[in-house]
Amino acid sequence: MARLELRNVAKGFGGVPVCRDISLTVESGDMVCLIGASGSGKSTLLRCMNLLEPIDDGAIYLDGQDISEPELDPQPIRRRIGIVFQSFNLFPHMSAAENVMLAPRRVHHRDRASLLPEIQALFDRFGLADRMQHYPDQLSGGQQQRVAIIRALAMQPEIMLFDEITSALDPQLVGEVLDVLRQLKSQGMTMVLATHEMGFAREAADKVCFLHQGVIVEEGPPEQIFDAPEAPETRAFLQAVVK
Amino acid sequence: MANSGVGGGLTRRQLFERRARRRALIIASTSSLAVVLAIVLLVPLAPGWEAVKNSFFNGEVFLRTFPTLLRAFLLDMLIFAWCAPLIAIWALVIAICRDVQSPALYPLRIFATIYTDVFRGVPVILVVYLIGFGVPGLGLPRPWNSPYIWGSLALILTYSAYVAEIYRSGIESIHASQRAAAHSLGLSGADVMRFVILPQAVRRVVPANMNMLIALQKDVALLSFIGPVEIFRQAGVYKSLLANFTPYVVAAVIFLAITVPATRFADALLARQNRARS
Amino acid sequence: MVRSRILGATGIALVLAFSAGGAYAAGDCAAGKTITDGVLTIATGNPAYFPWVIDDAPETGKGFEAAVAYEVAMRMGFDADQVAWTRTSFDQAIQPGAKDFDFNMQQYSITADREKVVDFSVPYYHAPMAVLTTQSVVDGGAAPTLSSLAGLVWGADSNTTAVPMLNELIAPAKSPLLYNDNTDVVEAMKANQIDAALFDLPTALYLGAVVLDGGVILGQFPADRSENPDRFGLLMEKGNPLKACVDDALNAMTEDGTLAGIEATWLSQNTGVPVIE
């Protein structure tokens, strides 16, 4: 059984369709990369998977459970699916450590003392041991994005979603964030990424989906998509991106 | 070092800016001085100046009334001191009520909306009269009919309506992505509000609320309409007995002595906070 | 049309000139000293209260102050139709600068402090001060003695000399509550926020009988008490040359008993209120 499965998902805003008839399976431990031009529906799709946006039609299954059931309380589901945003969205009034500890304390009712070693370990692992007490505006973009990833990981999610998490970073900071993704993959985390980093997608993805105007035009292993794209839209996109 | 070396290590640009600064300083101080001089020299030339001076800036009256007025001002400070925190809390309750999404709590939302509309629409003095005389008139026993209690309540109710709107503007100014990030972590709606939205919102509206505090400080005087002899009432008594307006000027001076430093302090606080984190 | 309007205007001017001439003929003390030649402009309160002015209509000459005003005007050589009324607040009466009245009459107490800023005529009334309270306070044991009065919660109109008198004569244990006008004092008494209030006797009688349900006049401080006698005078701009004429008129009215007669007509019910020693 697939970890996460989307069946004929449709989503629009104010009558304008953004995603149409999207079907996608994500196996446990896989890294799936969504590529495509801005506005092709990648971000919206990720927000739907996290239930931040309700879908209009179709269904989403998490370990076989239909999580798109409108009557369902979204909070327990969101705890199982972490998401990291392009713009970090750290809470500016809290230190990095407080950002990370808020949800475990409030949702899992953990106390600060028992959390601290775990959090410390996460900060260590991602090279931020000396930044725990800093406030977001005292951190670089790359550091902020790593804190945001730690914040999501602290809830021990089963799946992580990444929404163009390197797009807002200076080029020299992109590497440190991608390293974190590689590390997560090596530990077997199930991940879905919306990304513009074609090199990274080719190197690390298990599956690549090309979205065009809200539809998955083509999907397959990275070699197939990048080296032998079938659809003319895919070819046109890759030609424009990979100069 | 191509851009230094001219004139003792300063660049051309630095020298230019230093000259410009000096020039601006000289012009500013000359023009300020000219205005002050004009006021000081010309106003006393007006034919009614002696009478005005005697009525408003009478030194003898000033000295005679100052100690009592200062004591009366303590009452203003007291009323202010218990009203301000209650306003902060009650306004927050109203602001949160206006933001509730749950249909079961819809009556709260309607209540909060009507509340802010009514209390912002009615003059403070009317509320002070209505609650200060009206509620005790229902037959409450002493000391529960005290004008201090009900007058303060009138101020709290009115000011909370304004402050609630300020809080609400603060809440709405927090970007939707903060809410989304908090929800994505599995936090409940109440927790998102309490830990993520409100702390940022309240901090963001500090300057606006500072203005409300200063306004409140002055409106405390409205309680004098229902009996308490605070500084403006005491000044009014002196005005009546001495047929002189100087006591009001004394009251104004005492007020300024508090509000001007308070405003400066708030500005400094805000500037420091802005430097610390944006 | 234009012509007839000009004729009309000329007619009014003629009437004015004629009546002004009449005034000069009758008594020349006030000649040229009023703010409008040939017209005596008198200010009263807004509103003016019973029994000082009846029905807030001073031009009828009814009420103690209205009657005194017309008598003073007549003795200064102004006919009734040469008297103009205006309204001012207390603050307007004492503000610096030119006044828009010749004299102002709304129970102004003469005090040395006020005389530094404005001029007063000789007194036209010696006001006893009276304690207004309610039946329930009397039932509660309040008595017309200083020691009993000192235990009450007091209120007063903040613009009156009742305030210092309260503190000096009665010295209440709790500091008094002060209000903008009579109405508010009565309102506070209705709300049971104060037990008693100090007014001049005629005002207290009016408020106790008409405005306050269950109002009682507990007692009075006689007008001729040695300390702080409360005397009402006509208020005028400092240095107003009219003062001498007004004083002459009032003195004459006192001497020939006219003033006492007016007082008897309009302020007759003052007996029977116990005197507080």
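A word on the overall build of chain B
Looking only at helices and strands, chain B has 11 helices and zero strands in total. Along its sequence from the N terminus, chain B presents helices and strands in the succession α-α-α-α-α-α-α-α-α-α-α. In terms of overall size, chain B is more extended than a compact globule, its C-alpha atoms giving a radius of gyration of 26 Å where 278 residues would be expected to give roughly 19 Å. With respect to the three principal axes, the spread of C-alpha positions in chain B is 75 × 70 × 25 Å. The 278 residues of chain B split such that 34% are buried. Pairs at least 24 apart in sequence give 73% of the contacts found in chain B among residues at least 6 apart.

Some thoughts on the sheet that holds strand E9 (residues 207-212) of chain A
All names here are of chain A. Read across the open sheet, the six strands follow the order E6-E7-E8-E3-E9-E10; overall the sheet is mixed. Of all the strands in the sheet, just strand E6 (81-84) and strand E10 (215-220) have a single pairing partner and so form its edges. Sheet twist, expressed as the average angle between the axes of neighbouring strands with direction ignored, equals 20 degrees. Of the pairings in the sheet, the one linking strand E3 (residues 31-35) to E9 comprises four bridges and is parallel in character. Pairing of Leu34 across the sheet is with Cys209, part of E9.

Things to note about the sheet that holds strand E2 (residues 16-26) of chain A
Residues and elements named next belong to chain A. In spatial order, the strands read E2-E1-E4-E5; together these four strands make up an open sheet with antiparallel pairing. The sheet terminates laterally at E2 and strand E5 (65-66), the two strands that pair on one side only. Here strand E1 (residues 4-13) pairs with E2 via seven bridges, running antiparallel. The residue of E2 that forms the bridge with Phe13 is Val16.

A short note on the domain arrangement of chain B
Think of interface size as the accessible area that goes away when the parts come together; that is how it is often given. When the domains of chain B are assigned, the result is domain 1 (1-45) and domain 2 (58-276). Averaged C-alpha coordinates put domain 1 of chain B and domain 2 of chain B at centres separated by 42 Å.

Overview of the interface of chain A and chain B
At the interface, 20 residues of chain A touch 18 residues of chain B. Elements with a minimum of two residues in the side of chain A that touches chain B: helix H2 (74-80) and helix H3 (96-107) of chain A. Among the elements that make up the side of chain A that touches chain B, the one with the highest residue count is H3(A) (four residues).

Quick look at the interface of chain B and chain C
Counting residues at the interface gives 24 residues for chain B, matched by 28 residues for chain C. For the side of chain B that touches chain C, the elements supplying multiple residues, two or more each, are helix H2 (49-56), helix H5 (124-137) and helix H10 (231-242) of chain B. No other element matches the six residues that H10(B) contributes to the side of chain B that touches chain C. Partitioning the side of chain B that touches chain C into residue classes produces 13 nonpolar, nine polar and two charged.

Let's talk about the domain arrangement of chain C
Residues and elements named next belong to chain C. When its domains are assigned, chain C resolves into domain 1 (2-126 + 230-270) and domain 2 (129-221). With 11 residues of domain 1 at the interface, the matching set in domain 2 holds 10 residues. Tallied by class, residues from the side of domain 1 that touches domain 2 come to five nonpolar, five polar and one charged.

Here's the deal with the packing of helix H4 (residues 106-121) of chain B against helix H6 (residues 147-173) of chain B
All names here are of chain B. Between H4 and H6, the least distance of the axes is 8 Å, while the angle of their chain directions is 120 degrees. As judged from the angle between their axes, H4 and H6 are oblique. Note that H4 runs across H6; the crossing there is left-handed. Of the residues in H6, those in contact with Tyr115, Thr116, Phe119 and Arg120 of H4 are Leu157, Thr158, Ala161, Tyr162, Ala164 and Glu165. When its residues are assigned to classes, the contact of H4 with H6 shows six nonpolar, two polar and two charged.

Brief notes about the packing of helix H3 (residues 59-99) of chain B against helix H9 (residues 206-219) of chain B
Residues and elements named next belong to chain B. The N-to-C vectors of H3 and H9 enclose an angle of 140 degrees; their axes lie 10 Å apart at closest approach. By the angle class used here, H3 and H9 are oblique. Two packed elements cross with a definite hand, and for H3 against H9 that hand is right-handed. Note on element contacts: H9 touches H3 through Leu213, Leu216 and Gln217, opposite Phe80, Cys83 and Ala84.

Comments concerning the pairing of strand E4 (residues 57-62) of chain A
Residues and elements named next belong to chain A. Judged from the five bridges that link them, E1 and E4 form a sheet pairing that is antiparallel. By the bridge assignment for E4, Ala10 is matched with Asp57. Pairing of E4 with E5, which is carried by two bridges, proceeds in the antiparallel orientation. Note that in E5 the partner of Leu62 across the bridge is Gln65. Here E4 hands over to E5 after two residues, with Asp63 in that stretch at a positive phi of 50 degrees.

Comments concerning the environment of C:Lys238
Residues and elements named next belong to chain C. As for its position among the elements, Lys238 is in the loop between strand E12 (235-237) and helix H10 (243-255). Take Lys238: there are 16 C-beta atoms within 10 Å of it, and that puts it in the partly exposed class. Distance from Lys238 to Gln107, taken between C-alpha atoms, is 18 Å for residues 131 residues apart in sequence. When neighbours within four sequence positions are excluded, Lys238 is seen to be in contact with Val117, Val118 and Asp119.

Looking at unusual backbone geometry
Geometrically, the link from B:Arg142 to B:Pro143 is a cis peptide bond, its omega value of 0 degrees lying close to zero. Summarising the element assignment, B:Pro143 is placed in the loop between H5 and H6. Here C:Phe50 and C:Pro51 are connected by a cis peptide whose omega angle stands at -5 degrees. By secondary structure assignment, the location of C:Pro51 is in the loop between strand E1 (40-44) and helix H2 (64-75). A positive phi angle, close to 50 degrees, is found at A:Gln156, a residue other than glycine. Judged by the 12 C-beta atoms lying within 10 Å of it, A:Gln156 is exposed. Although it is not a glycine, C:Gln107 sits at a positive phi angle of roughly 55 degrees. Checked against the element boundaries, C:Gln107 lands in the loop between strand E3 (103-104) and helix H4 (112-115). For C:Gln107, a count of 22 C-beta atoms within 10 Å puts it in the buried group.

Section: helix H6 (residues 171-186) of chain A
Residue and element names in this part refer to chain A. The terminal C-alpha atoms of H6, which comprises 16 residues, lie 24 Å apart, in line with the 22 Å expected from a rise of 1.5 Å per residue. Within H6, burial applies to Val177, Val180 and Leu181. Each buried residue of H6 lies within a common arc of 95 degrees when the element is viewed along its axis, so the set occupies one face. Among the exposed residues of H6, those pointing more than 90 degrees away from its buried face are Pro171, Gln172, Gly175, Gln183 and Ser186.

Points about the environment of A:Val241
Residues and elements named next belong to chain A. Here Val241 shows up in helix H9 (residues 232-241). Under the C-beta neighbour-count criterion, Val241 is labelled exposed, with 12 such atoms within 10 Å. A C-alpha to C-alpha distance of 32 Å links Val241 and Asp57, two positions 184 residues apart in sequence.

What counts and how
Residues numbered from 1 in each chain as written. Chains lettered and ligands numbered in written order. Predicted model: local features only at pLDDT ≥ 70, side-chain atom pairs only at ≥ 80, totals over all residues. Helix = DSSP H or I, 4+ residues; strand = E, 2+ residues; numbered from the N terminus. Rg over C-alpha atoms; globule rule 2.2 N^0.38 Å. Buried ≥ 20, exposed ≤ 12 C-beta atoms within 10 Å, placed from the backbone. Contact = placed C-beta atoms within 7 Å. Pairing = 2+ DSSP bridges. Axes fitted to C-alpha atoms, helices over the stretch in contact; angles between N-to-C directions. Domains from an automatic or database assignment. Nonpolar A, V, L, I, M, F, W, Y, C, P; charged D, E, K, R; others polar. Parallel < 35°, antiparallel > 145°, perpendicular 65-115°, else oblique. Left-handed = near helix turned anticlockwise from the far one by under 90°. Expected span 1.5 Å × (residues − 1). Arc of directions from axis to C-beta.

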